[in-house]
Amino acid sequence: KRLVNWDPVLGTAVSDLEVDSEEEDGKIWEVRYPFADGLGSLTVATTRPETMLGDVAVAVNPKDERYGHLVGRHLVLPLSGRSIPVIADEYVDPEFGTGCVKITPAHDFNDWQVAQRHGLAQINILTLTATINDNAPSAYRSLDRFEARVRVLADLQAQGLLVSEKPYRLRVPRSGRTGVIVEPMLTDQWFV
């Protein structure tokens, strides 16, 4: 299993040379993740809220005095109910967003590296056609990734867990062959 740039239209991996990343107008959302013991929550910032269905941890920088005492505690992953740990990793930029980063190793290259360092599971929540698979809660299964985003945000709002939505410039990776947004995807691959 390797994390690759996956073109869901072509149904194949594409090389880094075939991915064009350009800045586009998007949004960033802040979401509250409650602690499992019911005492408080952490707020993470994300540009891809639908991928939270595959989160396995929330990471903070080990030198960030705001959060150091929370490392080792467990959170309840919103919408799925799974328990996930708070971990410390140097990868986290304390100045970005809230300083708390959701870790989704099957759908993000940086998160995959964090998961390797911490021995975390990799939960793939997408099919090869970019719909939500059976690893996600039943309410989201079979939805297109962008439909799932709308549903996830609506459900977070309904549960009082959506803190904010703000405009944000982000780098969007698109397939040079189809123009579709590529997904980091954990698949069986040969590498030389």
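Preceding this section is the structure that the text describes.
Bear in mind that the values here come from a model prediction, so they are computed numbers and not experimental data.

Definitions and limits used
Residues numbered from 1 in each chain as written. Predicted model: local features only at pLDDT ≥ 70, side-chain atom pairs only at ≥ 80, totals over all residues. Heavy atoms only, no water. Helix = DSSP H or I, 4+ residues; strand = E, 2+ residues; numbered from the N terminus. Buried < 20%, exposed > 50% of the residue type's maximum accessible area, 1.4 Å probe, protein only. 1 Å grid on protein atoms, 1.4 Å probe; cavity = no way out; pocket = protein on both sides within 12 Å on 5 of 7 lines; lining within 4 Å. Points joined across faces, edges and corners; volume = space filled by probe spheres on them. Nonpolar A, V, L, I, M, F, W, Y, C, P; charged D, E, K, R; others polar. Pairing = 2+ DSSP bridges. Axes fitted to C-alpha atoms, helices over the stretch in contact; angles between N-to-C directions. Salt bridge = Lys/Arg side-chain N within 4 Å of Asp/Glu carboxyl O. Arc of directions from axis to C-beta. Contact = heavy atoms within 4.5 Å. Polar contact = N/O pair within 3.5 Å; in protein donor to acceptor, adjacent residues only side chain to side chain.

> Lay out unusual backbone geometry with the relevant residues and their values.
Even without glycine at this site, L79 takes up a positive phi of about 75 degrees. Considering the arrangement of structural elements, one finds L79 in the loop between β6 (74–76) and β7 (83–88). Residue classification places L79 among the buried residues on the basis of a relative accessible area of 17%. Positioned with a positive phi, A130 is a non-glycine residue whose angle comes to about 65 degrees.

> Explain the layout of surface pockets residue by residue, including any values.
Within this model, the largest pocket holds a volume of roughly 1200 Å³. Together, 44 residues line the largest pocket, and T47, R48, D108, L170 and R171 are the ones closest to its centre. Elements supplying a minimum of two residues to the lining of the largest pocket: β3 (19–34), β4 (41–46), β8 (100–103), α1 (109–118), α2 (145–158), β9 (162–175) and β10 (183–187). The element contributing the most residues to the lining of the largest pocket is β3, with eight residues. Of the residues in the lining of the largest pocket, the class split is 18 nonpolar, 12 polar and 14 charged. Every element with two or more residues in the lining of the second largest pocket is listed here: β1 (2–7) and β2 (12–14). If you tally residues by element for the lining of the second largest pocket, the top one is β1, at three residues. Residues belonging to the lining of the second largest pocket are distributed by class as follows: six nonpolar, two polar and one charged.

> So what's going on with the sheet that holds strand β5 (residues 57–60)? Which residues, and what values?
Strand pairing in a sheet relies on backbone hydrogen bonds. The paired strands run either parallel or antiparallel. Read across the open sheet, the four strands follow the order β6-β7-β5-β8; overall the sheet is mixed. A single partner strand is all that each edge strand has here, and the edge strands are β6 and β8. The mean inter-strand angle of the sheet, taken between neighbouring strand axes irrespective of direction, is 30 degrees. As paired elements, β5 and β8 share four bridges and run antiparallel to each other. Bridging from a neighbouring strand, V58 pairs with K102 of β8.

> I'd love a proper account of the pattern of salt bridges, names of residues and values included.
One pass over the structure, following the stated rule, counts 14 salt bridges. As a salt-bridge pair, D55 and K102 come within 2.9 Å of each other at their nearest N and O atoms. Here K102 lies in strand β8 and D55 lies in the loop between β4 and β5, a separation of 47 residues in the sequence. Each member of the pair, D55 together with K102, is buried. Taken together, the shared-partner salt bridges connect E23, D25 and R169 into one network.

> Just give me the short version of α1, but keep the residues and values in it.
By the burial criterion, the buried members of α1 are D111, V114 and A115. Down the axis of α1, the smallest arc covering the buried residues is 100 degrees, so these residues share one side. Residues of α1 that are buried sit in contact with β7 and β8. N-capping of α1 is provided by D108, with a side-chain oxygen placed 2.9 Å from the backbone N of N110. Of the residues one or two after α1, G119 is the one with positive phi, at around 65 degrees.

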